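A structural walkthrough
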Amino acid sequence: MSAKGTGRLAKHPVRATFIFGRFPSKTRRVHPASRSAKPDPAPPRLAISILAGGLSTRMGRDKTTLRLRGKTLLGHVRTVAKATDWPVRVIRRDLVTRCGPLGGIYTALKTSRADAELFLACDMPFVSLNLLREISTKLSSSRHAVFAVVDGTAGFPFVIRKEGLPIVEAQMARGEFSLQKLALALKARRVRVPKSRQREVQNFNTPEEFREALRSVNI
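Reference entry: report on the structure contained in this document. (Residues numbered from 1 in each chain as written. Predicted model: local features only at pLDDT ≥ 70, side-chain atom pairs only at ≥ 80, totals over all residues. Heavy atoms only, no water.)

**A short note on the packing of aromatic side chains**
Two aromatic rings, taken as a pair, are described by how far apart their centres are and by the angle between their planes. Applying the stated criterion across every chain yields a total of five aromatic pairs. For the pair Phe126 and Phe204, a centre-to-centre distance of 6.2 Å together with 85 degrees between the ring planes defines the contact as edge-to-face. Here Phe126 is found in the loop between β5 (116–121) and α6 (129–137), whereas its partner Phe204 is found in the loop between β8 (189–192) and α9 (207–216), with 78 residues between them in sequence. For the pair shown, Phe126 and Phe204 are each scored as buried. Ring plane angle 10 degrees and centroid distance 4.5 Å describe the contact between Phe147 and Phe158, whose orientation is recorded as stacked. Here Phe147 is found in strand β6 (residues 145–150), whereas its partner Phe158 is found in strand β7 (residues 153–161), with 11 residues between them in sequence. Of the residues examined, Phe158 reaches a relative accessible area of 0% and is grouped as buried. By way of ring pairs, the aromatic residues Phe119, Phe147, Phe156 and Phe158 are connected into one cluster. (Phe/Tyr/Trp six-rings, centres within 6.5 Å; stacked < 30°, edge-to-face > 60°. Helix = DSSP H or I, 4+ residues; strand = E, 2+ residues; numbered from the N terminus. Buried < 20%, exposed > 50% of the residue type's maximum accessible area, 1.4 Å probe, protein only.)

**Re the nonpolar core**
Across soluble globular proteins, you tend to see nonpolar side chains buried next to one another. Counting residues in hydrophobic clusters, the biggest one holds 49 residues, and the most contacted among them are Ile105, Phe119, Leu120, Phe147, Ile160 and Leu182. Within the second largest apolar cluster, nine residues are counted, among which are Met59, Leu68, Phe204 and Val217. (Core = buried A, V, L, I, M, F, W, Y, C linked by side-chain atoms within 4.5 Å.)

**Things to note about helix α4 (residues 73–82)**
With respect to burial, α4 is a largely interior element, seven of its 10 residues being buried. The set of residues buried in α4 consists of Leu73, Leu74, Gly75, His76, Val77, Val80 and Ala81.

**What about the environment of Phe158?**
Taking the C-alpha atoms as reference points, Phe158 and Ile135, separated by 23 residues in sequence, lie 6.8 Å from one another. Residue contacts for Phe158: discarding those within four places in its chain leaves Ile105, Glu117, Leu118, Phe119, Ile135, Val146, Phe147 and Leu179. (Contact = heavy atoms within 4.5 Å.)

**Topic: helix α7 (residues 165–173)**
Within the span of α7, buried status applies to Leu165, Val168, Gln171 and Met172. Down the axis of α7, the sector holding all buried residues measures 120 degrees, keeping them to one side. Contacts from the buried residues of α7 go to α5 (101–111), β7 and α8 (179–186). Downstream of α7 by a residue or two, Gly175 has a phi angle that is positive, lying close to 75 degrees. (Arc of directions from axis to C-beta.)

**Quick word on the pairing of β6**
The element β6 is largely enclosed, with a buried count of five among its six residues. As paired strands, β6 and β7 are joined by six bridges and run antiparallel to one another. By the bridge assignment, Phe147 is partnered in β7 with Phe158. What sits between the antiparallel neighbours β6 and β7 is a turn of two residues, in which Asp151 has the positive phi angle 50 degrees. Where β6 lies against β8, four bridges are found, and the strand directions are parallel. Considered in β8, the bridge of Val146 is made with Arg189. (Pairing = 2+ DSSP bridges.)

Right under this line is the structure:
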């Protein structure tokens, strides 16, 4: 090729040699298989704790014994929980009493052999297996907890890593026993339950609420 035909490259022969000669010889393509990639972290080992240590003062009797569709409220919850194939236990006695649901949460985390506990109330018989799985899959290594949220209010079901135990203890020491404040302290991820599925998180605190549930299932 003549100098006239090469244009600017002809004026800079050293640069031309570098670009078309030496540069390719020093460049190696890195194939994906040869890259050192971090393995995905193992999913946390989960267990389920059903909280049944409340006094049921507004109901006037032990809610776990109330029957719906031929089965106790607790029986309904336990059946769904066992379908996950995770270990399931019922927390009836709290290690620290008079702390509301935080007493049961503290008890479960303190004695847990799992990496995280998924919490259910004993009086939510319409909870579904799909909802439990959706909540649990939202738990990541950067989050202490995930809470279901209805109309902006955090509640059951929720999952908390065992590393969140000191935060639960701190809330109890301050006398702050609400789930809302606990979710904030844990910086929990919130999973909104759509209106069409809010029956799944429904629970019963008074005889009137339970009678309405009975009517709704034609019993």
